[in-house]
Every structure is written in C-alpha cells, then in structure tokens.
Amino acid sequence: MAYPLSLLTLNVSGMRDSRKRSRIFQFCRTLGVDFVFFQETHIVNEDDVHTWSFEWGGGLHASFGSTTSCGSVILVSPRWTPLVGKVDSDHEGRLVCITVRHPCGKFFLCNVYAPNRPSGRRDFFMTLPSFVPGSAPCILAGDFNCVPDTQLDRMSRCTSSGCVGMSALDMFIKNHDMVDVWRAQHPGLSCSLGTALMARTPQGWTECTLHLHCHRGTVKL
C-alpha cells in the first residue's frame, strides 16, 4: 500500500508581516501539502509560534532566529499534526527536526537553512550528523546555500567561496545513505536553486511505500 506524502520547501525572506504571512499560508493551503519547510522566517519566540500556528490552523515547530535573519519553521497539516512526536532544534534558527509516526513506522523530517558565510556553512554541515538519526528513514530539505552538482545546478561558474561546504555536504549524504530526490527524478535537468530535498530510503518498509511529492523555491510576496 502506498502512503503519499507531499512536502514544500521555501525560503520566504521574512514573514513577520501579517499580510505576507497570510498570503503564504493561503498558498500552502491551495497546494494541499502535508508538511511545509520555511527558511528565513524571522520567527523569534513562543508567542510567534502560538500566533502563527493559530493562523495556519495546524502544527508549527520552529528554531528561533531574530527579527531580521534566520528562523526555520516546519508547518504540519491538520491531518498530520496529531502524529508528530519529538521535536529537536538548534539555537541559531537554522535547523528544526520532527519525528512523525507513519503507518509503516516512524520517520524524521529535518528543515535546514545553511549559512551564507563559507566557513559557517562548512561547520554547519559538520554538525548535521548530531541531529540526523543514524539509520531511521529521514527526509532532509531546505536551503543548503550550495549544490552537490555545480555543472547542473548553477547557472554561473562556482566561485571558490560559493563552493565551500559542498564536500562536507557530499560526505554527509554518502555517509547517511541519502538520495537527492530532485536529481533522482530529473537526472539531466538543470536547477539553479540552492534548495534541495534529500531522503534516506525507508529500509524494511516492505508492505507500504512512502511516495514523495516535492515543491521548492524562494518566494517574495
């Protein structure tokens, strides 16, 4: 039996403005996605979580940033909200992970917002293993601010600073048996976005399949 799962990842470039936030939430409802990964929301505290989750009408889990930078959020649709378990996050507004109970077992969702600064990006990828479980099914998505394949995924030539962190990210992907979902589905199609979705195949899920539908990008409303 197949259990479809849809996921949207967007860098929203700030959503503290209530009108912009309302339009973004409505856009997500129109798509009917199960989970939404936002980067750079500028969410700062639990008061924001309470207000934004009420406006959304479902679950909301966050890693707090400042009013001008960072702030990572995972929105959960109402039908999946009761199935969310443990929540983990960093203290920089760059990473939030949740555990979800699935008919075939639990899996993990991790929203990533990697630093623009080259040295910070490399160090950030080095810390990812402490948040990502060793062998459990996992979906890692967000704004990585670099790409695994510079030939296909960049419109301009990669500068030395822009490439910093790619080797660490590539090593992380290989060590955790993850797959670039977009590249697997579109092997020859170029994409200049820094957003990506990585997934580890749910090993042992023999009686059902998790079908992923991914939307990604950057939005300014």
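Going by the structure above, here's the rest.
What this report covers is the structure whose coordinates are included nearby. What you are looking at is a predicted structure, and each value in this text was computed from that prediction instead of being measured.

**Some thoughts on the pairing of strand 8 (residues 138-143)**
With respect to burial, strand 8 is a largely interior element, six of its six residues being buried. Summarising the sheet, strand 7 (residues 105-113) and strand 8 pair through six bridges and their orientation is parallel. Within strand 8, the residue paired with Cys-110 across the bridge is Leu-140.

**Some remarks on helix 1 (residues 18-31)**
Taking 1.5 Å per residue, 14 residues should reach 20 Å; helix 1 reaches 20 Å between its end C-alpha atoms and fits that length. Every buried residue of helix 1 is accounted for by Lys-20, Arg-21, Ile-24, Phe-25 and Cys-28. Projected down its long axis, helix 1 carries its buried residues within an arc of 135 degrees, all on one side. Every exposed residue of helix 1 that faces more than 90 degrees away from the buried side is listed here: Arg-19 and Thr-30. Of the residues that open helix 1, the one with a side-chain oxygen 3.1 Å from the backbone nitrogen of Arg-19 is Asp-17. Immediately downstream of helix 1, the backbone of Gly-32 shows phi near 70 degrees, a positive value.

The rules behind these values
Residues numbered from 1 in each chain as written. Predicted model: local features only at pLDDT ≥ 70, side-chain atom pairs only at ≥ 80, totals over all residues. Heavy atoms only, no water. Buried < 20%, exposed > 50% of the residue type's maximum accessible area, 1.4 Å probe, protein only. Helix = DSSP H or I, 4+ residues; strand = E, 2+ residues; numbered from the N terminus. Pairing = 2+ DSSP bridges. Expected span 1.5 Å × (residues − 1). Arc of directions from axis to C-beta. Polar contact = N/O pair within 3.5 Å; in protein donor to acceptor, adjacent residues only side chain to side chain.

As far as function goes, none of this settles anything; it's purely spatial.
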